[in-house]
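# Observations on chain architecture
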Amino acid sequence: MKKAAFHTLGCKVNTYETEVMKSQLKEHGYEITSFQDTADVYIINTCTVTNIADQKSRQMLHKARKKNPNAVIAAVGCYAQASREQILADGSADLIIGSNQKSRLYELLEEYEKNHQVQEAVDDLKHEKAYEEMFLTTTEDRTRAFLKIQDGCNQFCSYCLIPYARGRARSRSMESVLSEIRTLAGQGFKEVVLTGIHLSSYGRDLNEEKKTLLQELILEAAKIEGIRRIRLGSLEPNIITEEFIEPLAACDKFCPHFHLSLQSGCDETLKRMNRHYTAEEYYNKCQLIRRYFEHPAITTDVIAGFPQETEEEFEKTLAFVKKVSFAEMHVFKYSRRKGTKADAMSGQVPDPVKTERSHRLMEAAEEMQKEYLTWYVGRTVEVLTEDEVTCDGEIWRAGHTKEYVKCLLKCSEPNVIHTAVACGVNEKNMIVTESR
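Here is a short report on the structure shown in this document. (Residues numbered from 1 in each chain as written. Predicted model: local features only at pLDDT ≥ 70, side-chain atom pairs only at ≥ 80, totals over all residues. Heavy atoms only, no water.)

### Describing the environment of Ile 149
Secondary-structure assignment places Ile 149 in strand β7 (residues 144-151). Separated by 65 residues in sequence, Ile 149 and Leu 214 place their C-alpha atoms 9.6 Å apart. Look past the residues within four positions of Ile 149 in its chain and what remains in contact with it is Tyr 131, Ser 171, Arg 172, Val 177, Leu 194, Thr 195, Leu 199, Tyr 202, Leu 214 and Leu 217. (Helix = DSSP H or I, 4+ residues; strand = E, 2+ residues; numbered from the N terminus. Contact = heavy atoms within 4.5 Å.)

### Some thoughts on the pairing of strand β15 (residues 380-391)
Inspection of the sheet shows β15 paired to strand β18 (residues 417-425) by five bridges, in the antiparallel sense. Note that in β18 the partner of Thr 380 across the bridge is Val 421. Sheet topology places β15 next to strand β16 (residues 394-400); six bridges connect them, and they run antiparallel. Across the sheet, the residue bridging to Val 389 is Trp 396, located in β16. The turn joining β15 and β16, which pair antiparallel and follow one another in sequence, is formed by two residues; a positive phi near 55 degrees is taken by Asp 392. (Pairing = 2+ DSSP bridges.)

### With respect to the packing of aromatic side chains
Under the counting rule described, the total for this entry stands at 12 aromatic pairs. A ring pair is formed by Phe 35 and Tyr 42, whose centres lie 5.3 Å apart and whose planes are at 75 degrees; its orientation type is edge-to-face. On the basis of relative accessibility, which here comes to 0%, the residue Tyr 42 falls in the buried class. Positioned above the aromatic ring of Trp 375, the side-chain terminus of Arg 379 is 3.8 Å from the ring centre. Seen from the ring of Trp 396, Lys 410 lies directly overhead, with NZ or CZ sitting 4.4 Å from the centre. (Phe/Tyr/Trp six-rings, centres within 6.5 Å; stacked < 30°, edge-to-face > 60°. Buried < 20%, exposed > 50% of the residue type's maximum accessible area, 1.4 Å probe, protein only. Lys NZ or Arg CZ within 6 Å of the ring centre and 35° of its normal.)

### Here we look at the sheet that holds strand β10 (residues 229-232)
The strand order across the open sheet built from four strands is β8-β7-β9-β10, with neighbouring strands paired in mixed fashion. In the strand order of this sheet, the two ends are held by β8 (170-171) and β10, each with one partner. When β7 meets β8, the two strands line up antiparallel, connected through two bridges. Looking at the pairing, Asp 151 lines up with Arg 170 of β8. Of the strands in this sheet, β7 and β9 (191-196) are in contact with helix α7 (residues 174-186), which crosses β7 at around 170 degrees. Here helix α8 (residues 214-221) sits on the sheet in contact with β7, β9 and β10, set at roughly 160 degrees to β10. (Axes fitted to C-alpha atoms, helices over the stretch in contact; angles between N-to-C directions.)

### Remarks on the side chain of Thr 48
Take Thr 48: it is sitting in the loop between β3 (41-46) and α2 (51-67). When its relative accessible area of 1% is taken as the criterion, Thr 48 is described as buried. Thr 48 has contacts with Ala 53, Asp 54, Cys 78, Tyr 79, Ala 82, Leu 161, Ile 162, Ala 165 and Arg 337, leaving out every residue within four places of it along the chain.

### Concerning the pattern of salt bridges
Enumeration according to the criterion identifies 33 salt bridges in this entry. Of the charged contacts in the structure, one is a salt bridge between Lys 354 and Asp 351, with a shortest N-O distance of 3.2 Å. Highlighted residues: Lys 354 and Asp 351, both in helix α13 (residues 351-374), separated by three residues, approximately one helical turn. Note on Asp 351: relative accessible area 52%, which makes it exposed. What you see here is one network of salt bridges that share partners, running through Glu 17, Lys 102, Lys 148, Asp 151, Arg 166 and Arg 170. (Salt bridge = Lys/Arg side-chain N within 4 Å of Asp/Glu carboxyl O.)

### Quick word on the sheet that holds strand β11 (residues 234-235)
Taken in spatial order, the four strands make up an open sheet running β11-β12-β13-β14, and their pairing is parallel. This sheet does not close on itself; its edge strands, each paired only once, are β11 and β14 (328-333). Sheet analysis places strand β13 (residues 297-304) next to β14, joined by six bridges and oriented parallel. In the strand pairing of β14, Ala 304 is matched with Lys 333. Contacting β13 and β14, α13 runs over the sheet at an angle of about 170 degrees to β14.

As structure tokens, then:
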């Protein structure tokens, strides 16, 4: 039996696609093993969102080649799509599979075995309108399943290569998504996470009115027996309207966890980024969410040191994130990407300045997260239990609330909804509960 090892870089969409590729190889007789083990095939699901992501993708390809020079190495996904020629030039992969060809992994492996010639499956995605169907039949985690429902992006933010690496926005049919959710519910999954490259645009290519169908999909998924929670991946702020939020607030299976991409709290910087909202508009969206949910988790991403960002502009962003008061905030130093508009901009911010600004943002993020978590102390939390963990020498059961707050509780069973009183927050930002 041949052994295959996977390594996934990047977003939750990549995580889903890796699980589908694992299932595909299992069905064809492969044993899935750890990437640290010696394998016959190594599949690296790559990322190209930053220069560091490119570097990590290259490193993992070379690491796999070093681990077993006789193995078949597959470079899959965004870096393979965007940097095909570089991969060919350095000979780091035997299979180069683009962003919309991942379902062909087994087919391309078989073809390589016939002639031992490099196999390429990298399409021009500029005009691609078809969604690549992938269907998850099983996964190692039996509690939470990620579902890819959308691919591509039409936003063209000035710092981002993803529209070139993933192509234009394309949606999966609602029937296909619901069918997969029913399958997963039948296997015992309690929670599904709907993900996409630009999730907010889901369905706009499926109807003549060009309107998003995301809310409709959520409400239909909530009708499926066995599913207890429906969670969303990253959203654009503009999707948050009263019409969108009100029905979701009435759906008890919907998780009030909103990851709203911000990137900057300064209007001048947002304009250079080609983001399609102002700071005030973003703030109003957060306030709307808080009108409908008691203590929602609003999380975000912020870029420090975007080209031409002055100290005054940075201070606006710092003040703005504190005003919003996020449950969690991911901070990134701006990374130049060749081929983007931002790369050609004058006024590139020096690395020491980017580092200093990112540290200040991370300090603010830590304070906001602590304040958010402290709110739970003394309140009853509802936890979907997952794995056992060791904390301070004790065995606990870890799990998450609907807001995706990680909790520790004394419970023997995984994959059950358990209620407990939060009695404190530990140094790892986990809620510690009393047993019930």
